[in-house]
Amino acid sequence: MTAPLPRDPGCIFCKIAAGELPARKIHEDDELIAFYDIAPKAPIHFMLVPKEHIPSTAQFGPRHAALMGRIMLLAPKLAQEQGCAPYPEGGWRIIINTGRHGGQEVPHLHVHVLGGPRPWKWGFGPEL
Ligand code: 5GP
Ligand code: ZN
């Protein structure tokens, strides 16, 4: 048996990862889950979320390199599966907000993937 992944009992993304809260899931494996954002800022807007409770990129250490590598390979695959148009006319935006100044609202690491025809709703600050 492998040890259970660290989790935060009050964390909504830990609850979604554990299946205790509903979400529109598009991918799940041992390490991570991907699901649609409840308040989409673009026609396609989902997030890749490690099942382990890692608060943000600020907590990254060497052991997170492989996990983030997997997420960054999976993001374009899922983006295309979800209907993002091909590069370069189409494409997608990948965002990781970190901390208050970084615009992070949910303190469980998540990688946003946004795509679809412009214009998009603003949601991550007027510069975006
Ligand atoms: P952050 O600002 O932390 O980078 O992004 C958090 C995102 O999580 C927001 O875009 C918000 O709409 C989304 N979100 C917050 N609560 C829930 C929820 O319960 N379910 C889903 N699917 N998304 C959520
Ligand atoms: Zn969590």
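For the structure given in this document, a descriptive report is provided here.

Now for the packing of aromatic side chains. Working definition: an aromatic ring pair is given by the centre-to-centre distance plus the angle between the planes. Scanning the entire structure with this criterion turns up two aromatic pairs. Seen in terms of ring centroids, phenylalanine 13 and phenylalanine 35 are 5.3 Å apart; in terms of plane orientation they differ by 80°. Their pairing is edge-to-face. Taken together, the residues phenylalanine 13 in helix H1 (residues 12-17) and phenylalanine 35 in strand E2 (residues 32-36) connect sequence positions 22 residues apart. Its guanidinium or amino end placed over the ring of tyrosine 36, arginine 24 lies 3.8 Å from that ring's centre, counting from NZ or CZ. Of note, arginine 118 hangs over the ring of tryptophan 120, and the distance from its end group to the ring centre comes to 3.6 Å.

Now for the coordination of the zinc ion (ligand 2). Coordination of the zinc ion (ligand 2) by the protein is provided by Cys11 (SG), Cys14 (SG), His53 (ND1) and His108 (ND1), with metal-donor distances spanning 2.0 to 2.3 Å. Every donor counted, the four donor atoms about the zinc ion (ligand 2) form angles of 104 to 116° at the centre, which fits tetrahedral coordination. As a motif over one chain, the donors of the zinc ion (ligand 2) read C-x2-C-x38-H-x54-H. In this pair, histidine 53 sits in the loop between strand E3 (44-50) and helix H2 (65-81) while histidine 108 sits in the loop between strand E4 (92-95) and strand E5 (111-115), placing the two residues 55 residues apart along the sequence.

Analysis parameters
Residues numbered from 1 in each chain as written. Chains lettered and ligands numbered in written order. Predicted model: local features only at pLDDT ≥ 70, side-chain atom pairs only at ≥ 80, totals over all residues. Heavy atoms only, no water. Phe/Tyr/Trp six-rings, centres within 6.5 Å; stacked < 30°, edge-to-face > 60°. Helix = DSSP H or I, 4+ residues; strand = E, 2+ residues; numbered from the N terminus. Lys NZ or Arg CZ within 6 Å of the ring centre and 35° of its normal. Donors = N, O, S within 2.8 Å, 3.2 Å for Na, K, Ca; no water. Tetrahedral: all angles 85-135°; square planar, octahedral: opposite > 155°, others 65-115°.

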